[in-house]
Every structure is written in structure tokens, then in C-alpha cells.
Amino acid sequence: MVSRRTFLGSSIVAAGTATGLSAVVPAAYGGTSGAAAVPPAEIVRPGDTRYAALAGRGYNSRFVSSPDEIWLVHSASQVEKAVNQAIRDNQRITVRSGGHCFDGLVDDPRFRLLVDTSEMKAISFDREMNAFAVESGARLGEVYKALYEGWGVTLPGGVCPEVGVGGHVSGGGYGPLSRRYGLSVDHLYAVEVVVAGRDGAARTIVATSRRGDPHRDLWWAHTGGGGGQFGIVTKFWFRTPGTSGSPAALLPKPPARVRKSLVTWSWADMTEARFTRLLLNHGAWHAANSGPTSPYATLHSSFQLHSSLVGTFTLEVRMDATLPDTPRLFDAYVVALSAGVGVTPTTDTKEMPWVEAATEPTPAFGAYSRHKSIGGHLRKPLTEAQIGVVYRSLTDPKHSTGAGLVYLAAYGCKINTVSSSATAVAQRDSVFKLWYSTNWSEASSDAAEIEWIRTLRKGVHASTGGFPVPNDQQDGGYINYPDVEIRDPYQNTTGVPFYTILYKDNYPRLQRVKDTYDPRNVFRHGLSLNPS
């Protein structure tokens, strides 16, 4: 996940269902027999002094929820009650964990009941499951700290510690350790989900990655299918496939220390020719150094190409500071990027403990809280023509906020060793994540800012109708970088359905999961699948 705020031993309870689905819930983690051990749900309605803060907790102030009820829940059984009420009273229901959705998938005014899982943030080792249990309301920073300080392990996830686990993991989960250890979902063993059957009754199911699990497809759907469309996740269990032994051996170990470098170029030194050469160098280097055996698998970089009005743009590089070859590899990387550019960047490097780097707060946007973005994946680098579009967009004098950003994050290595069908994340031979975004402060600027993003997107992806349609260069979208315009026939003129752009060949299996576990379409948002 990109740094989105940078402006500049338990018993098993089983229950049969009318749809033939069985519910299996570890009682100590919020199942039926453990429900009395947790606080009751808090139901907050308009007029309550807490309502405004809870309703406005979303990341993007273009969308502010106004539900009739906000349920602050503490267990799966409480989520069941909320879902049953929503079905009975015909209330549109949605779920929020960290509140960092970029688009209006959660804060849609049509939603009348909001399930807020932010109080569900327990992190523990479950001996019965032999895996780490993480409730869906936990923030990434809390997960990193608890896993590292408790067992010396981690989950390869996003760079923003404030992001909630629920949406981040369900969409795939990506971050600075992913080239080395894969995506978050590559370590997902099981998921606890409240679903709604054809009979209109909510029930809780624990779905695992075990081959014989009748609910394995429900687990699989949460390895990149995105949150809030198959049910409401209340808990994840993590264990790296093929591991055994003590808890400290069941998830990756992060480096003790991180070497963090900021390589900065001044826009005053840039011509279009220099900018183009720099990005061509950057693309060629990553195309050549993103294989699974690359010595650069421990390198994570994000090229943060800010608007020229900011004055500079930056490449952030994180590497394992404990490896003796790291300084040499870093220097060679910067030299390769700078070849023929004619501009020497400034470099600021510091070392810090890994847990400090992983939990370092991201700067707040302040008043610049209105947002628009879209992202995807690249199998091959940007072409010279595409770089020209990026340059002209970032130097557009009419884009007056200065908050425009094109973000190229290093992908590949370990990520690309996994089959495209093993998880719902189909993008398994890309070298970059690509993200366009802009932030602004006033509603009066909405039309201009949205049009800036549209023009940029349409220009970069002109050969495929304005969206990153999968082909030999592009590898489709990313549900955690959502843009509902991909579903709008007036915007998406590619002739390719949004679900193919997002999920590629994994769409039919996701559709079957939707038909099985949410046949009444209880869980839906602007980019969810509809039942067949």
C-alpha cells in the first residue's frame, strides 16, 4: 500500500445452515459460545455526540457517510445481529475497518447501517489453528508491533501504519517487504466471515486454505477479491505455507534494521528530455532486476513523482541495513537511474530499527482531504510516449493545487513466484504498481481535479481505451486503488468489463463465490460483483 498521506487453544462450534453451508467458529475468538466474554455492541445514531466523528472517519472527505446506525462491534456474533437486522429492515449495510478507502465504496449515502470493526483489534497466537489470529479492525502498525515484539516475525503489508487490516488484506496486501516475502495474502491461512445465505439468515464461517475445506473458495476470495462484497470479515489467521515448528518460525522475519534513502530531483533542473531519460532508466532497471533470484529482492522503492509546483520529486528506497552489500547495491541503483540524465540528485540516508520504520506515522494532508485516484499494474515499463503524458500532466500550469502524484512502486521478485490462480490476486508477473492521485481542499475544485486525473489516465492508457486493460505491457487494476469510473460506460470505453480489468481470469471463480455466499446481494458497493 502506498504512503497515501504524503502530500509534498479454542473449541470449535459448528452449526448447519439452510443453504448447506456449515459455520465453524473458534469460540475464544468471538464464536457463539464466547459471545458473552466480549462487550456489547455500541449502536450510535444521529444525535449521539459520537456520531459526527464516527461518520466522518473516512479517508476521502468527498464522501461522508450518513447511516441511520453505526454499529461498533466486538465479535462475529454481533456482526451477525447487525446483518440480520439489515436484511429484516431492508437496510443497505456496509463495513469499515481502518476507513482508508480511496473512493465511495464505504461512505456511500445509500448505506443505512455501518458496521465498524475498529474495536476488534486483538492480535494473538492461536494454538488450535497454529497460526496468528488478527481481528479485522487492527491497524497495520499495531499488527507489525505486536508480531515483531511478541515473536520476532511480521506480515509483508503496507507502508501506512494507520490502514486497517480488513480492507488491506482482503484486497491483496502489498508493501516494502513484498519483493522479499510476497503479498500479505500469500501468508493468509484462514478467514472468519459473516455471510448471508439464501434464507436471509446471517452465519459465521471460518474458511481455511486447506485443500479439503468445503469453504476453501471463500478463503480464496479474500486473498485479493476485495472487502465488503462476499461478507464481513471479522478475523484473519496468518501462517506462511510450508512452515512448521514454533510460532517464531511461522511467518517471515523482518530485518533488525532498515536503511531508508530519499533520492530527490529538482524540477528546476528537469527538461522533458531529462525526465524521460530518467524514467526510461528506472523502468529498464526494474524490468531487469525484478526476478525471484535478484540480489535486489530486498530493495523496495517508490518513485513519488509530485507536481512540478511542489518543486521536487523523490525516490524512496528501503533496504535491509544488516546485509553488507546493501550500500554498494544502492549506489549502483542510483547510478543506473542517473545515466545520461545530466542531473545529480541529492540523497539523504538514515538507518533505523525495522519496527520504527514500519510504524512511523505518515504525514497528514490537513485541509487537502478531498481525493481522487486510480491505480494498476505494469508488466513492462512505461513507454516514451506514456512518460511524455506523465510529464505534461505533472507540469500542467492549470493544475494549481500542486497535489498531483504519479507513484511507481517496485513489484515482482517473490510476488511473481506465485501462480496467478493461487490467490485472487491475478497480477503475478508485473514489475510495478502504478497509482495516480490528487488531493485538494475545496468542493469547488472537484470538477477540475477529477478531470486532471481523467486526462492523465486516458493519456497513459490511450492504446487501451483509457484504463489499464491487461495486455503484454499492462496487468490490470487493483481493487485497493478503486475508481468507480471503471464501471461507468461513459468513462470506461475499453469494451472490457471492470471485473476483467481488476481480476483477469480469476473473475469466474470470484463470481461463483458471490453466488454461493451472498446470493441475495446483501454485501455490495460501487465495485462489487452482482450475483449471476
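The name given to the chain in an unreviewed UniProt entry is FAD-binding oxidoreductase, and the organism recorded there is Streptomyces dengpaensis. What the UniProt record of the chain gives under Sequence similarities (unreviewed entry) is the line "Belongs to the oxygen-dependent FAD-linked oxidoreductase family." As stated in UniProt under Cofactor (unreviewed entry), the record for the chain gives "FAD".

Focus on the overall build of the chain
The number of helices and strands found in the chain is 13 helices and 19 strands. A compact globule built from 532 residues would reach a C-alpha radius of gyration of about 24 Å, and the chain, at 22 Å, matches this within 12%. For the chain, the C-alpha atoms occupy an extent of roughly 70 × 55 × 45 Å along the three principal directions. Looking at the chain as a whole, 61% of its 532 residues are labelled buried. Looking at the chain as shown, the accessible area adds up to about 19000 Å², and 53% of this sits on carbon and sulfur atoms. Of note, the chain has its 53 positive side-chain charges centred 3 Å away from the centre of its 47 negative side-chain charges.

A short note on the sheet that holds strand S4 (residues 69–72)
Strand pairing within a sheet occurs via backbone hydrogen bonds; the two strands may be parallel or antiparallel. A sheet is described by the order of its strands in space; here four strands give the open sequence S3-S4-S6-S5, paired in mixed fashion. Two strands close off the open sheet at either side, each with one partner strand: strand S3 (42–44) and strand S5 (93–96). For this sheet the average axis-to-axis angle between neighbouring strands, irrespective of direction, equals 20°. Pairing between S4 and strand S6 (residues 113–116): four bridges, direction parallel.

Observations regarding the pairing of S6
Here S6 shows a buried face lined by Leu113 and Val115 and a second buried face lined by Leu114 and Asp116. Bridge count for S5 against S6 is four bridges, and the pairing is parallel. Within S6, the position partnered with threonine 94 by the bridge is leucine 114.

Here is what the cut-offs are and how they apply
- Residues numbered from 1 in each chain as written.
- Predicted model: local features only at pLDDT ≥ 70, side-chain atom pairs only at ≥ 80, totals over all residues.
- Heavy atoms only, no water.
- UniProt positions renumbered as here; feature names shortened; annotations may be inferred.
- Helix = DSSP H or I, 4+ residues; strand = E, 2+ residues; numbered from the N terminus.
- Rg over C-alpha atoms; globule rule 2.2 N^0.38 Å.
- Buried < 20%, exposed > 50% of the residue type's maximum accessible area, 1.4 Å probe, protein only.
- Areas by Shrake-Rupley, 256 points an atom, 1.4 Å probe, with all protein chains shown as cover.
- Lys, Arg positive; Asp, Glu negative; His and termini not counted.
- Charge placed at Lys NZ, Arg CZ, Asp CG, Glu CD.
- Pairing = 2+ DSSP bridges.
- Axes fitted to C-alpha atoms, helices over the stretch in contact; angles between N-to-C directions.

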